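Close look at the chain arrangement
Here is how the chains run, residue by residue.
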Amino acid sequence: MSSGEQNPAVPAVRVTDLTVAYGDKTVLWDIDLEIPSGSMVAVVGPNGAGKTTLIKSIQGLVPRVAGVVSIHGKPYEKQRKEVSYVPQRGSVDWDFPTSVVDTVKMGSYGDLGWIRRPGKKEHEKALSALEKVDMLGFAQRQISQLSGGQQQRVFLARALVQSASVYLLDEPFQGVDATTEKAIVRILKELTAGGKTVLAVHHDLNTVSEYYERIAILNVGLVASGRVDEVFNSENLMKAYGGKTSFFPERKSAKRAV
Amino acid sequence: MLEFAVELFSDYTARTILLGAASLGIVSGVVGSYAVLRKQSLVGDVMSHAALPGIVLAFLIMGVKEQLPIFIGAALSAVLAVFLINLITSNSRVKTDSAMGMALSVFFGLGLVLLTYAQKMPDANQAGLDKFLFGQAEALVGKDVLVIGVTGLFALLVVGLFWKEFKLLCFDPDFGGTMGFSMKSLDLLVTAVIVSAIVIGLQTVGVVLMSSMLIAPAVAARQWTGGMGSMVILAALIAAVSGVTGVALSAGLENVPTGPAVIVCVSVIAFFSVLFSPNGFFTLRFKDARSRREIKKDYVLKALHDLALEHDDPGYAHSEKLLALGSEKGFNVRKSLLQLQEAGHVERAGEENWRLTPSGIREIRKLSPVGSNG
């Protein structure tokens, strides 16, 4: 059950031959990816590279044309409880009539199963997750009153309630304030330090080296994946982004050398 | 009026009808909340209109105006319309709104054609089939109310059992899917519940206006509350009250079909809620105007203070014209000054001159806790 029992030699996430298409458009092509247990991984790539689709197809939210996904060595379908999902903040309607604590409680629905309602235990869990993201004071607030950063923290708290061992996050830093970004990074680093695995779609190439130890560079196909210091270079970024990126880590380090 | 009410409630037939209207209201309020929260209000509209051909076909096939076959016919054709919408949108480039518009007009048009045909038949049995258009609550008998009650209870039971799953479906279906809940089944279940609410509303409210019975109470309730549970309960209450009032109106006035009477009631409540609820149109306007007034007053107070400080005397009087100089065109300085005078923060010093009172000076300290703005 808990991540402590996972064999660290077996990758937390293994994607084999994954191909996804919408209609006649190929969105992901033959992806092979291994995410070691306890690592923090950025998924980067240009718009339309299939980053969100990768996160979704790992969880079976979009149909795969081909490919297998395993979590800690077993098929995803059998390991749902090991995976927790933080969707893009903009994917839901924040005008929905519900409170912050009730939204966070949704993370416990999977453990409860069909029909059973959350009780006191789930409430406590939700509150302690809110405390972790510094949002305890907002527990009874309407979600419509939250700022972008607060919305993102609520989503993260909801994922924390799931007590999974693999966290899949879709653009967790999209449109959030600097304080929230720091808070989220701190929590994610705590998670990986505790043996959990984090896979996050990331946009800001400037912070990749600071936040992540591993990276997967994507553009329909997988351009490169591995340790940030080994594969996060201009050559791979050129392959993924074409001439559209002006960001090269070399330039940054060159400056530092001067 | 009171006499009329007493008469209405003491009469068995009237009680039956009112009970039917109230139960229908409760069910459509609850179920309609889901249509609104899923942003599928229009689907309810399509489904209720699309029930018409099913109603007439059921009659044509059975040859009698029997309730159960008519319900089944109505439900089948409503579901068929939704199925066709999904088929069209997923297999062509036609967008959902166009597909819904098409389905609504095609099904309703077909229903009207069939209805005209059925009414031309010599059989007197078809009489009253057109009542399904706008509803006729007076025709409700004990058996009808029983069917409404049982169907309604089924719908409420489903909503009660799958409360948390439906919440996931409405708020974040993708997230629900990753936890192993089948969103497809839940979607079907919600559709089934909506269809059953529509079917039991056919006799009372009619196919044309049934969708308002689903949508308006939920919209009205949403204006007053921020919780899903309270919204659903309030919507049920609003719809039940409207149902009962509408039926009473239609019974009291000659030749007013029940559907329109009920819908007028529910629309009045919905409009009132949208305009006057704590987040309503007028309430927000009022709050806006108030805060604008406060800002202007603070501005004038501060300007008076700044000018006075140049004379090292916070109580130094200045001309109104001088205050108006530094402000925008159309800004009525006099009005703000009079408001401040009423609050005791400023006082007149001659015809056009004003000065801060000690209370005004205290007020300005509150505004800028740093003290002077030097």
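Predicted, not measured: the structure shown is a model, and the values here were computed from it.

Criteria and cut-off values
- Residues numbered from 1 in each chain as written.
- Chains lettered and ligands numbered in written order.
- Predicted model: local features only at pLDDT ≥ 70, side-chain atom pairs only at ≥ 80, totals over all residues.
- Contact = placed C-beta atoms within 7 Å.
- Helix = DSSP H or I, 4+ residues; strand = E, 2+ residues; numbered from the N terminus.
- Nonpolar A, V, L, I, M, F, W, Y, C, P; charged D, E, K, R; others polar.
- Axes fitted to C-alpha atoms, helices over the stretch in contact; angles between N-to-C directions.
- Parallel < 35°, antiparallel > 145°, perpendicular 65-115°, else oblique.
- Left-handed = near helix turned anticlockwise from the far one by under 90°.
- Pairing = 2+ DSSP bridges.
- Buried ≥ 20, exposed ≤ 12 C-beta atoms within 10 Å, placed from the backbone.
- Domains from an automatic or database assignment.

**Topic: the interface of chain B and chain A**
Facing the 21 residues of chain B at the interface are 19 residues of chain A. When contributions to the side of chain B that touches chain A are tallied by element, the ones reaching two or more residues are α8 (163-171), α9 (173-178) and α12 (228-252) of chain B. Of the residues forming the side of chain B that touches chain A, the biggest block, five residues, is contributed by α8 of chain B. Class assignment of the residues belonging to the side of chain B that touches chain A gives a composition of 10 nonpolar, six polar and five charged.

**Some words on the packing of helix α5 (residues 148-161) of chain A against helix α6 (residues 178-193) of chain A**
All names here are of chain A. The N-to-C vectors of α5 and α6 enclose an angle of 15 degrees; their axes lie 9 Å apart at closest approach. Relative to α6, the element α5 is oriented roughly parallel. Pair α5 / α6 crosses with left-handed handedness. Of the residues in α6, those in contact with G149, Q152, R153 and L156 of α5 are T179, T180, A183, I184 and I187. Each residue belonging to the contact of α5 with α6 can be placed in one class, and the counts come to four nonpolar, four polar and one charged.

**Structural notes on the pairing of strand β10 (residues 221-227) of chain A**
Residues and elements named next belong to chain A. Two elements, strand β9 (residues 214-219) and β10, share six bridges in a ladder whose sense is antiparallel. Opposite N219, over in β10, you have G221 as the bridge partner. Count of turn residues in the β9/β10 antiparallel hairpin: one residue, of which V220 carries a positive phi of about 65 degrees.

**Quick word on the pairing of strand β3 (residues 40-44) of chain A**
All names here are of chain A. Counted residue by residue, β3 has five buried out of five residues, so it is predominantly covered. Of the two faces of β3, the one carrying M40, A42 and V44 and the one carrying V41 and V43 are both buried. Relative to strand β8 (residues 197-201), β3 runs parallel, the two being bridged by four bridges. Paired with V43 across the strands is V201, a residue of β8. Bridge analysis of β3 against β9 gives four bridges, and the strand direction is parallel. For V43, the partnering residue across the bridge sits in β9 and is A216.

**Some remarks on the sheet that holds strand β4 (residues 66-71) of chain A**
Residue and element names in this part refer to chain A. With antiparallel pairing, the four strands of this open sheet are ordered in space as β2-β1-β4-β5. Only two strands of the sheet have a single neighbouring strand rather than two, namely β2 (25-35) and β5 (74-75). Pairing geometry for β4 and β5, over two bridges, is antiparallel. By the bridge assignment for β5, I71 is matched with K74.

**Here we look at the domain arrangement of chain B**
Along its sequence, chain B is organised into domain 1 (2-279) and domain 2 (283-367). Between domain 1 of chain B and domain 2 of chain B, the C-alpha centre-to-centre distance is 57 Å.

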